[in-house]
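Below, each chain spelled out in residue letters.
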Amino acid sequence: NKAFGIDLDPDTIFDLRTVVKMASSVYKYIKTIGGGRILENNVNSAQMKSSCCRLLASTAESTKGTRLNQRFVFCIHPAGGDVLCYQALASTLAGVYGFEVYGMQDKESIQIDEHVSIQSLSQKYVKEIQSIAGKHETCLVGFSFGGVLASHMVHKLQESGVVVRTLSIIDTKLISEQDMTRKA
């Protein structure tokens, strides 16, 4: 950042993943003196439209294949609001099992305040999942606070016709429906 006067925020570094891709993007940026955020050319178009969903890992086959046989995993952020904790899991699920793995994190609501409820956040994530996976079978993973959100999302996804094959909850204390109506 200091050497080139370019602001590479953590999301950009996460999107580019390797030093080679970062260097290539910085070079292209400097060469064209373009503005805005540096992004790799082949970033998923659904990811570009979304403020809260990012592709964590996929195989070349899963992104080139037809949407009919794609398998989706959505990892819901813990209380800190970041999905980096899922990177090793995402790489394994994509590389070994062929899943397309997404991380759900709402940058605007990372500092969860009294105006954000579990219901509103889970509803926002459900809409994002529907826009990416449609009615295809999905799996949800939630760590800590993400487990609470994921357990709430399952019902909304099923009501909309999405088959949730697996709900994996890691280190989560589930709360009652009554507690869910309170502000997060």
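These lines cover the structure that appears in this document, whether it is placed above or below.

Parameters and conventions
- Residues numbered from 1 in each chain as written.
- Predicted model: local features only at pLDDT ≥ 70, side-chain atom pairs only at ≥ 80, totals over all residues.
- Heavy atoms only, no water.
- Core = buried A, V, L, I, M, F, W, Y, C linked by side-chain atoms within 4.5 Å.
- Buried < 20%, exposed > 50% of the residue type's maximum accessible area, 1.4 Å probe, protein only.
- Helix = DSSP H or I, 4+ residues; strand = E, 2+ residues; numbered from the N terminus.
- Contact = heavy atoms within 4.5 Å.
- Salt bridge = Lys/Arg side-chain N within 4 Å of Asp/Glu carboxyl O.
- Pairing = 2+ DSSP bridges.
- Expected span 1.5 Å × (residues − 1).
- Phe/Tyr/Trp six-rings, centres within 6.5 Å; stacked < 30°, edge-to-face > 60°.
- Lys NZ or Arg CZ within 6 Å of the ring centre and 35° of its normal.

With that settled, the discussion passes to the nonpolar core. If you look at the biggest cluster of nonpolar residues, it comprises 26 residues, and the most contacted ones within it are Phe74, Met104, Tyr125, Leu140, Leu149 and Met153. Residue assignment for this core shows that the elements contributing at least two residues are strand 1 (53-57), strand 2 (72-76), strand 3 (100-104), helix 6 (118-133) and helix 7 (145-159). In contact with Tyr125, not counting residues within four places along its chain, are Cys52, Ile76, His77, Met104, Gln105, Asp106, Leu149 and Met153. In this structure, Ala57, Tyr86, Leu93 and Val101 belong to the second largest nonpolar core, which totals 14 residues.

A word on the pattern of salt bridges. Evaluated as defined, the whole model comprises one salt bridge. For Glu137, the salt bridge goes to Arg165, with nearest N and O atoms at 3.1 Å. In this pair, Glu137 is assigned in the loop between helix 6 and strand 4 (138-143) and Arg165 in strand 5 (residues 164-170), connecting sequence segments 28 residues apart. Exposure remark for Arg165: the relative accessible area of 60% places this residue in the exposed category.

A few words on the pairing of strand 1. When you tally the buried positions in strand 1, you get five out of five residues, the bulk of the element. Of the pairings in the sheet, the one linking strand 1 to strand 3 comprises four bridges and is antiparallel in character. Each residue of the ladder has a partner; that of Cys53, found in strand 3, is Met104.

Take helix 6 next. Relative to the 22 Å expected for 16 residues at 1.5 Å per residue, helix 6 spans 22 Å between its end C-alpha atoms, a close match to the ideal helical length. Looking at the residues trailing helix 6, positive phi occurs at Gly134, about 60°.

Before going further, it helps to examine the packing of aromatic side chains. Enumeration over the complete set of coordinates arrives at three aromatic pairs. Ring centres of Phe72 and Phe74 lie 6.2 Å apart, and the angle between their planes is 20°; on these two criteria the pair is classed as stacked. Taken as a pair, Phe72 and Phe74 share a single burial class, namely buried. Between Phe74 and Tyr102 the ring centres are 5.4 Å apart and the planes differ by 15°, which places this aromatic pair in the stacked class. Within this pair, whereas Phe74 is found in strand 2, its partner Tyr102 is found in strand 3, the two being separated by 28 residues in sequence. The same class applies to Phe74 as to Tyr102, namely buried. Taken together, the ring pairs connect Phe72, Phe74 and Tyr102 into an aromatic cluster. Note that Arg71 overlies the ring of Phe99, its terminal NZ or CZ placed 4.4 Å from the centroid.

On to unusual backbone geometry, then. Residues other than glycine seldom take positive phi values, yet Ser144 does so here, at roughly 60°. Of note, Ser144 is situated in the loop between strand 4 and helix 7. For Ser144, a relative accessible area of 26% corresponds to the partly exposed category. Of note, Asp171 is a non-glycine position whose phi angle comes to about 50°, a positive value. Mapping Asp171 onto the fold places it in the loop between strand 5 and helix 8 (177-180).

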